[in-house]
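A structural walkthrough
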Amino acid sequence: MTIQYNKIKVEVALDNLCHNYRFFKRLHRDVIAVIKSDAYGHGLVETARALEPEGATTFGVGYVNEAVELRKSGTRARILVLLGPVDDADYAGLWEHDLLPFIGRFEQLERLAAEARTRGPVDVALKFDTGMRRLGFFPEELGRVIDFLKAHPDVRPVMASSHLARADEPEHRPDVSLQSGRFSVVLDGLREAGFPVEGCLANSAAALAFDECFHDSVRLGIALYGCNPFHGTEREELGMGLKPAMAVAAPILQVRALKAGEGISYGWTHVAERESTVAVVGVGYADNYSRSLSNTGYMNVHGHRAPIVGRVCMQMTAVDVTAIMGEGRDVSPGDDAWLLGGPGPGTITPEDLAGWWGTITYEPFCLLGMNPRTYI
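What you are looking at is a predicted structure, and each value in this text was computed from that prediction instead of being measured.

**Quick look at the overall build of the protein chain**
Along the protein chain, the regular secondary structure elements total 12 helices and 18 strands. By its C-alpha atoms, the protein chain is 80 × 50 × 40 Å across when sized along the principal axes. For the protein chain, the proportion of contacts with a sequence separation of at least 24, taken over those separated by at least 6, is 64%. Working note: accessible area of the protein chain is about 16,700 Å², and carbon and sulfur atoms make up 50% of it. The positive charge centre, built from 37 side chains, and the negative charge centre, built from 48, are 2 Å apart in the protein chain.

So this is what it looks like as structure tokens:
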């Protein structure tokens, strides 16, 4: 039995996920939904089940074990394993669960060829490093890759892919074009060698802004969850209309007065300059709410923003609700304080929270999404 140690509630709006998927289906006929890392905290299986009726036929996950979980949930969609096989169980799982792995090292090709001699043919997606400098074959290794594939026909390439490093930075379009050109050379070389692979380069940002990166499919990552990859840039309008799918709330535990000159929480890093009313909210770094939010950022209480005061503790964080109480609104134990989302003009956007946190939207999603979720 799993014990829930907190009262955090994470709400995922499946309709918003579907809306965002349809938004990109209007831009490209074949959209791969990237649902790695438990769908960025939104729920692996639940997200896939919501998107399959929308026409999603391919999902991208991280490791093989996540792909196996998804397959066992009943999906018949194609499943891309973006990080490829790592150990013996992973290699066996490719055949046992009909998975399509990204392959970017010759050692992986050799292992697959050896396994294929007893297990049968295996389809693969070839990963090329055109500039990210993480995973994949270098473009100049293409000839060697082709030679290997021709010598081992049981290893069958059905896709070629690469990952863009700066597509969400409009000022760096030349770098996007450079990677796009390198990838096109790779794609043409594979096809000329007799491998009619599906080309996949564009991520969320490139699918919005760079037609030159369109090939046979695009990969939809952060924008699926409602975040505009061009937020705060000159191209922000391209992603307008996306809807955040996650909202997170925690209960107010106590409301108390704070006299002028009194401090609150460890170290008294906040000292009240005036008589104040603070609400102690039942959330902290044990719930993946970052301690870096101490004395910075806000929560949404009754549709209005309340600033965080003092240090974020293990399971408690204080917010100043003086202004809210001053407008005649009652703030009481048991009320919700929204860390993300929430009603009214005080709604907290993913970009707001990430900015106060000192990070990008991906991190709060993945971390807060580890708390118990409900689906609406």
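The structure having been displayed, the exposition proceeds.
**Regarding the packing of aromatic side chains**
The final tally for this structure, using the stated rule, is 7 aromatic pairs. For the ring pair phenylalanine 128 and phenylalanine 137, a centre distance of 5.8 Å and an interplane angle of 50° mean the geometry is tilted. The residues phenylalanine 128 and phenylalanine 137 share a single accessibility class, namely buried. A ring pair is formed by tyrosine 289 and tryptophan 357, whose centres lie 6.4 Å apart and whose planes are at 75°; its orientation type is edge-to-face. Of this pair, tyrosine 289 sits in the loop between strand 13 (276-281) and strand 14 (298-301) while tryptophan 357 sits in helix 11 (residues 350-357), and the two are 68 residues apart along the sequence. Just as tyrosine 289 is buried, tryptophan 357 falls in that class too. An aromatic cluster is built from Tyr40, Tyr225 and Tyr362, whose rings are joined through pairwise contacts.

**Remarks on the pattern of salt bridges**
Counting across every chain of the model gives 16 salt bridges. Three or more residues joined by partner-sharing salt bridges are found here, namely Asp88, Arg111, Glu115 and Arg119.

**Some points on the packing of helix 6 (residues 106-119) against helix 7 (residues 142-151)**
At a minimum axis distance of 11 Å, the contact between helix 6 and helix 7 shows a crossing angle of 5°. The angle between the axes of helix 6 and helix 7 places the two elements in the roughly parallel class. Of the residues in helix 7, those in contact with Phe106, Leu109, Glu110 and Ala113 of helix 6 are Arg144, Val145 and Phe148. For the contact of helix 6 with helix 7, a count of residues per class yields 5 nonpolar, no polar and 2 charged.

**With respect to the nonpolar core**
Ile35 and Tyr289 are the most contacted members of the largest nonpolar core, which totals 113 residues. Not counting the four nearest positions on each side in its chain, isoleucine 35 is found in contact with Leu44, Thr47, Ala48, Phe59, Gly60, Val61, Glu66, Leu70, Leu224 and Tyr225. Counting residues in each nonpolar core, the second largest holds 6 residues, with Leu258, Ala272, Val278 and Val309 among its members.

**Regarding unusual backbone geometry**
The phi angle at aspartate 38 is positive, at roughly 60°, despite the residue not being glycine. With respect to the element layout, aspartate 38 can be found in helix 2 (residues 36-40). Overall, aspartate 38 belongs to the partly exposed group, its relative accessible area being 29%.

**Side note on helix 5 (residues 88-96)**
Every α-helix winds through 3.6 residues per turn, so residues three or four apart in the chain are directed the same way. Looking only at helix 5, the buried set comprises Asp90, Tyr91, Ala92, Gly93, Leu94 and Trp95. Buried positions along helix 5 lie against helix 4 (64-72), strand 5 (100-103), helix 6 and strand 6 (122-127). In the segment just after helix 5, aspartate 98 is the residue with positive phi, at about 55°.

**What to know about the pairing of strand 1 (residues 9-12)**
Relative to strand 10 (residues 246-258), strand 1 runs antiparallel, the two being bridged by 4 bridges. Residue pairing in the sheet places valine 10 in a bridge with valine 248 of strand 10. Note: strand 1 against strand 18 (residues 373-375), 3 bridges, orientation parallel. Pairing of valine 12 across the sheet is with tyrosine 375, part of strand 18.

**Here's the deal with a negative patch on the surface**
Together, Asp168, Glu171, Glu234 and Glu237 make up a region of like negative charge exposed at the surface. Mapped onto the secondary structure, aspartate 168 falls in the loop between strand 7 (155-161) and helix 8 (173-192). Among the residues examined, aspartate 168 registers a relative accessible area of 37% and is labelled partly exposed.

**Regarding the packing of helix 3 (residues 44-51) against helix 4**
Direction vectors running N to C along helix 3 and helix 4 enclose 55°, while the axes themselves pass 10 Å from each other. In terms of their interaxial angle, helix 3 and helix 4 are classed as oblique. Relative to helix 4, the crossing made by helix 3 is right-handed. Residues Leu44, Val45 and Ala48 of helix 3 form the contact with helix 4, whose participating residues are Glu66, Glu69 and Leu70. By residue class, the composition of the contact of helix 3 with helix 4 is 4 nonpolar, no polar and 2 charged.

**Brief notes about the state of the cysteines**
Applying the stated rule across the entire model yields 0 disulfides. The thiol of cysteine 213 is not disulfide-bonded; the next cysteine sulfur, from cysteine 200, is found 11 Å away. Counting only cysteine sulfurs, cysteine 366 is the nearest neighbor of cysteine 227, a cysteine outside any disulfide, at a range of 11 Å.

**Thoughts on helix 8**
The terminal C-alpha atoms of helix 8 lie 28 Å apart, and with 20 residues this matches the ideal 28 Å at 1.5 Å per residue to within 8%. For helix 8, the complete set of buried residues consists of Val176, Gln179, Ser180, Phe183, Val186, Leu187, Gly189 and Leu190. Taken together, the buried residues of helix 8 touch strand 6, helix 7, strand 7 and strand 8 (198-200).

Basis of the calculations
Residues numbered from 1 in each chain as written. Predicted model: local features only at pLDDT ≥ 70, side-chain atom pairs only at ≥ 80, totals over all residues. Heavy atoms only, no water. Helix = DSSP H or I, 4+ residues; strand = E, 2+ residues; numbered from the N terminus. Contact = heavy atoms within 4.5 Å. Areas by Shrake-Rupley, 256 points an atom, 1.4 Å probe, with all protein chains shown as cover. Lys, Arg positive; Asp, Glu negative; His and termini not counted. Charge placed at Lys NZ, Arg CZ, Asp CG, Glu CD. Phe/Tyr/Trp six-rings, centres within 6.5 Å; stacked < 30°, edge-to-face > 60°. Buried < 20%, exposed > 50% of the residue type's maximum accessible area, 1.4 Å probe, protein only. Salt bridge = Lys/Arg side-chain N within 4 Å of Asp/Glu carboxyl O. Axes fitted to C-alpha atoms, helices over the stretch in contact; angles between N-to-C directions. Parallel < 35°, antiparallel > 145°, perpendicular 65-115°, else oblique. Nonpolar A, V, L, I, M, F, W, Y, C, P; charged D, E, K, R; others polar. Core = buried A, V, L, I, M, F, W, Y, C linked by side-chain atoms within 4.5 Å. Pairing = 2+ DSSP bridges. Patch = residues over 30% accessible without salt bridge, like charges linked within 9 Å, V, L, I, M, F, W, Y side chains within 5 Å. Left-handed = near helix turned anticlockwise from the far one by under 90°. Disulfide = S-S within 2.5 Å. Expected span 1.5 Å × (residues − 1).

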